[in-house]
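Secondary and tertiary structure notes
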Amino acid sequence: MEKLIITCPDDWHCHVRNGEMLKTVLPHTARQFARAIIMPNLKPPVTTVAEALNYRAEILQAIPKGLNFTPLMTLYLTSSTTPLDVQQASENPHVVAFKLYPAGATTNSDAGVSQLQAIYPVLAAMQDFDMPLLVHGEVTDAECDIFDREQVFVETQLGAIVREFPALRIVLEHVTTEAAVQFVLENSANIAATITPQHLLYNRNAMLVGGIKPHFYCLPILKREQHRLALVEAAISGNPKFFLGTDSAPHLTTLKENACGCAGCFSAHAALELYAEIFEANNALDKLEGFASFFGADFYRLPRNTEIVTLTKSTWTVPDSYGEAECRITPLRAGEAVHWKLG
Ligand code: NCD
Ligand code: ZN
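Notes on the structure follow. (Residues numbered from 1 in each chain as written. Chains lettered and ligands numbered in written order. Predicted model: local features only at pLDDT ≥ 70, side-chain atom pairs only at ≥ 80, totals over all residues. Heavy atoms only, no water.)

Here we come to the pattern of salt bridges. Tallied over the entire structure, the rule returns nine salt bridges. The salt bridge involving Arg35 is made with Asp10; its shortest N-O contact spans 2.8 Å. Taken as a pair, Arg35 in strand 3 (residues 35–38) and Asp10 in the loop between strand 1 (3–7) and strand 2 (11–14) lie far apart in primary sequence, 25 residues in all. Assessed through its relative accessible area of 0%, Asp10 is described here as buried. Residue Arg301 is joined to Asp130 by a salt bridge in which the shortest nitrogen-to-oxygen separation is 2.6 Å. With Arg301 in the loop between helix 12 (288–299) and strand 10 (308–317) and Asp130 in the loop between helix 4 (120–129) and strand 6 (133–135), this residue pair connects regions lying 171 residues apart in the sequence. A single network of salt bridges, built from pairs that share partners, joins Asp130, Arg169 and Arg301. (Salt bridge = Lys/Arg side-chain N within 4 Å of Asp/Glu carboxyl O. Helix = DSSP H or I, 4+ residues; strand = E, 2+ residues; numbered from the N terminus. Buried < 20%, exposed > 50% of the residue type's maximum accessible area, 1.4 Å probe, protein only.)

Surrounding the zinc ion (ligand 2) are the protein donor atoms His13 (NE2), His15 (NE2) and Asp247 (OD), at 2.0 Å. Around the zinc ion (ligand 2) sit four donor atoms, and with donor-metal-donor angles ranging over 92 to 143 degrees the site reads as irregular. Going along the chain, you hit the donors of the zinc ion (ligand 2) in the pattern H-x1-H-x231-D. (Donors = N, O, S within 2.8 Å, 3.2 Å for Na, K, Ca; no water. Tetrahedral: all angles 85-135°; square planar, octahedral: opposite > 155°, others 65-115°.)

Glancing now at the site of ligand 1. The full set close to ligand 1 counts 15 residues, and Arg17, Asn41, Thr106, Leu219 and Asp247 are the nearest of them. Within the side chain of Asn41, an N or O atom sits 2.8 Å from an oxygen atom of ligand 1. Contact distances for ligand 1 include 2.7 Å between a nitrogen atom and a side-chain N or O atom of Asp247. In isolation ligand 1 has 320 Å² of accessible area, and contact with the protein removes 100% of it. Partitioned by chemical class, the residues of the shell around ligand 1 number four nonpolar, nine polar and two charged. (Near = heavy atom within 4 Å. Polar contact = N/O pair within 3.5 Å; in protein donor to acceptor, adjacent residues only side chain to side chain. Areas by Shrake-Rupley, 256 points an atom, 1.4 Å probe, with all protein chains shown as cover. Nonpolar A, V, L, I, M, F, W, Y, C, P; charged D, E, K, R; others polar.)

In this structure, Pro44 follows Lys43 across a cis peptide bond, with omega equal to -5 degrees. Relative to the elements of secondary structure, Pro44 occurs in the loop between strand 3 and helix 2 (49–61). Cis geometry marks the peptide bond from Leu219 to Pro220, where omega comes out at -5 degrees. Positionally, Pro220 belongs in the loop between helix 8 (205–208) and helix 9 (225–235).

With that out of the way, let us pick up helix 4. Within helix 4 the residues assigned to the buried category are Tyr120, Val122, Leu123, Ala125 and Met126. The elements touched by buried residues of helix 4 are helix 3 (83–90), strand 5 (95–100), strand 6 and helix 5 (149–164). Phi turns positive one or two residues past the end of helix 4, at Asp130, with a value near 60 degrees. (Contact = heavy atoms within 4.5 Å.)

Moving on, we come to the sheet that holds strand 7 (residues 170–172). In space, the eight strands of this open sheet follow the order 2-3-4-5-6-7-8-9, with parallel pairing throughout. In the strand order of this sheet, the two ends are held by strand 2 and strand 9 (242–244), each with one partner. Going from strand to strand, the sheet's axes swing by 30 degrees on average, the running direction of each strand aside. When strand 8 (residues 191–195) meets strand 9, the two strands line up parallel, connected through three bridges. From the neighbouring strand, Thr194 faces strand 9, where its bridge partner is Phe243. (Pairing = 2+ DSSP bridges. Axes fitted to C-alpha atoms, helices over the stretch in contact; angles between N-to-C directions.)

Structure below.
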């Protein structure tokens, strides 16, 4: 049977929630990855080092026995974040970055930032203390078409931040467009991007042709095929600016299959396998290890993992759902085949 052995990967963008949902989803991420960047968009958001440490303690409790997993905590930028918050975060080894959500851009982003200029003193402190800025790159203007929101953010906001803070390390999270890929390529080594499995595997037809498929609805929204192709090219290029970030974002099935369905795809159950599929389909399995296991660690200036994992070419069927009744979530590829298996 065909096998692929690579250094243990990390997930550089992941939502694990808290409470009962955390207990349902964390074992999947801990089984797949050695480390994960934990997004801070809880209700209420994680905005201080003390809150991040409490959240970290809750995550550590949820790791199944026998698994080695390190959560890397992030803080949620608000208009009240201060340079002192940045200094305190930089002094704590468990907090590794700040996340910028433009207010209203996505799930639990109401407390985000509405005027980017207003947080420039905080971005200056992040540059000084060498704390990376993780960006949800979408504008929120009501007039801006949802399919254009990332490109417009890149064109009108991101360039200004990069020019003002050239030494600030920035990850443009979950890129979905040619424009975002181009921006990352054109800028310095301080600018990198994560790419999700759903944006590599699917275009917007998957979500909209033959009926609305709410489990493909995430933000930034799936785009047209030319953009998917640009993302695949970036992911398999071997360029260290592009690395794995699942954006695994669980929501109750009842809240996805809803007249006003939530944004987010749950992919932690089969993340590495789904990436392997797309790399294989593009004859680039030899590039998977750099993307999944090296480039993110290098960007965050953390040691690369030393353990290995084995992927086997073997078909299995994803369950229709995970979790107990009150916590039921529908995973990506629910009820369908995945062609690689971890372990
Ligand atoms: C994420 C979530 O549910 O927290 N949803 C999503 O569609 N990606 C938030 C985010 O990363 O935008
Ligand atoms: Zn996310």
